Structures are given as C-alpha cells and as structure tokens.
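A closer look at the structure
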Amino acid sequence: QVQLVESGGGLVQAGGSLRLSCAASGRTFSSDGMGWFRQAPGKEREFVAGISYSGANIYYHDSVKGRFTISRDNAKNTVYLQLNSLKPEDKVVYYCAAKLETRLVLVDLRFYDAWGQGTQVTVSS
C-alpha cells in the first residue's frame, strides 16, 4: 500500500501562487500514476491534473490549463502541483491520489487506489 501526505496549502491573495506537495511512502512510487483533485463544500471531487509514472505524460482540466503545473520527483517520492494566478473559485481542498502500477494518466477518480488527507487552499479576493 501507499500512504500519501499533502502539504503546502494555505491562505493566498487572488492572483497569488502556492506549491502543493504530496509525499508518498510504503511502496515504489515511480511505478504509479499520480493525480491531483479538488473538492469544494457540497460539490463532487473533480480532477485537476494527472501525471504518468515517468512524468512524460501530463493532463490538465481545462479550467487550470496555463495556471497550474503538475510535476514529480521520483527520487524524492513526491508529486507537486504549482498553482499560479489563483482565483477565488480555486478556494477548495486539494487531494493527491495514486493509481498503482500504471503507465496511464487517469481522470476518473474511481480508478485511483490511494488518497491523501487533503490540504486546504484559501484564496482571498
């Protein structure tokens, strides 16, 4: 099994930036596809960005293209999400997720095997 721990959330002004981190432990991280999702109160969890095991393939939700960047460092067992040009609607809880042993970038949260506890991002207008 893999354990995921997010960090880096916090309060930022609209237009500002944050970098979220997700540290993985418990297995070989470099074999897993990783994703970032977010969830606002009362709404379903939605896909934000995904990255393949090697980092060669990346996919973003249209709403964050050009503003967010996903990356990973397999030597550090960590996946990152750089959030730029933050908007008030980006004020949600962000979760990282792992799909074990895959070369794919997965959008559907139902396919992921493990989840972190989430990190809150608050954007002030």
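We now examine the packing of aromatic side chains. Applying the stated criterion to the full structure yields six aromatic pairs. Every member of this aromatic cluster is reached through a ring pair, and the members are Phe 37, Phe 47, Tyr 59, Tyr 112 and Trp 115.

Position of Glu 6 relative to the elements: it lies in strand β1 (residues 3–7). Of the buried charged residues, Glu 6 lacks a salt bridge, with Arg 45 as the closest side chain of opposite charge at 7.2 Å. A distance of 2.9 Å separates the side chain of Glu 6 from the backbone nitrogen of Gln 117, its partner in a polar contact. Not counting the four nearest positions on each side in its chain, Glu 6 is found in contact with Ser 21, Cys 22, Trp 36, Tyr 94, Tyr 95, Cys 96, Gly 116, Gln 117, Gly 118 and Thr 119.

Overall, the coordinates contain six salt bridges when judged by the stated rule. The residue Arg 27 makes a salt bridge to Asp 32 at a minimum N-O spacing of 2.8 Å. Classification of Arg 27 by relative accessible area gives partly exposed; the value is 23%. Look at Asp 32 and you get buried, because its relative accessible area is 0%. In this structure, Asp 108 engages Arg 110 in a salt bridge whose closest nitrogen and oxygen atoms are separated by 2.5 Å. By relative accessible area, Asp 108 is classed as partly exposed at 23%. Each of Arg 27, Asp 32 and Glu 101 takes part in salt bridges that share partners, so that together they form one network.

Next up on the list: the sheet that holds strand β8 (residues 78–83). Reading across from one edge, β1-β3-β8-β7 is the order of the four strands in this open sheet, with antiparallel pairing throughout. Two strands bound the open sheet, and with one partner strand each, they are β1 and β7 (68–73). Averaged over all adjacent pairs, the angle separating strand axes in this sheet is 15°, with direction ignored. As defined by bridge partners, strand β3 (residues 18–25) adjoins β8 across six bridges and the pair is classed as antiparallel. Bridge pairing in β8 links Leu 18 to Leu 83.

At Ser 85, a residue that is not glycine, the phi angle is positive and equals roughly 50°. With respect to the helices, strands and loops of the structure, Ser 85 is situated in the loop between β8 and β9 (93–99). Of note in the backbone geometry, Glu 101 takes a positive phi value of approximately 50° without being a glycine.

This next bit is on the nonpolar core. Within the largest apolar cluster, 28 residues are counted, with the highest numbers of intra-cluster contacts made by Leu 4, Trp 36, Leu 81 and Tyr 94. Looking at this core, the elements that each hand over two or more residues are β3, β4 (33–39), β5 (46–51), β7, β8, β9 and β11 (119–124). For this core, the element with the most residues is β3, which contributes four residues. Filtering out sequence-adjacent residues up to four positions away, Leu 81 remains in contact with Leu 18, Arg 19, Leu 20, Trp 36, Val 48, Ala 49, Phe 68, Thr 69, Ile 70 and Tyr 94.

Thresholds, definitions, all that
Residues numbered from 1 in each chain as written. Predicted model: local features only at pLDDT ≥ 70, side-chain atom pairs only at ≥ 80, totals over all residues. Heavy atoms only, no water. Phe/Tyr/Trp six-rings, centres within 6.5 Å; stacked < 30°, edge-to-face > 60°. Helix = DSSP H or I, 4+ residues; strand = E, 2+ residues; numbered from the N terminus. Buried < 20%, exposed > 50% of the residue type's maximum accessible area, 1.4 Å probe, protein only. Lys, Arg positive; Asp, Glu negative; His and termini not counted. Salt bridge = Lys/Arg side-chain N within 4 Å of Asp/Glu carboxyl O. Polar contact = N/O pair within 3.5 Å; in protein donor to acceptor, adjacent residues only side chain to side chain. Contact = heavy atoms within 4.5 Å. Pairing = 2+ DSSP bridges. Axes fitted to C-alpha atoms, helices over the stretch in contact; angles between N-to-C directions. Core = buried A, V, L, I, M, F, W, Y, C linked by side-chain atoms within 4.5 Å.

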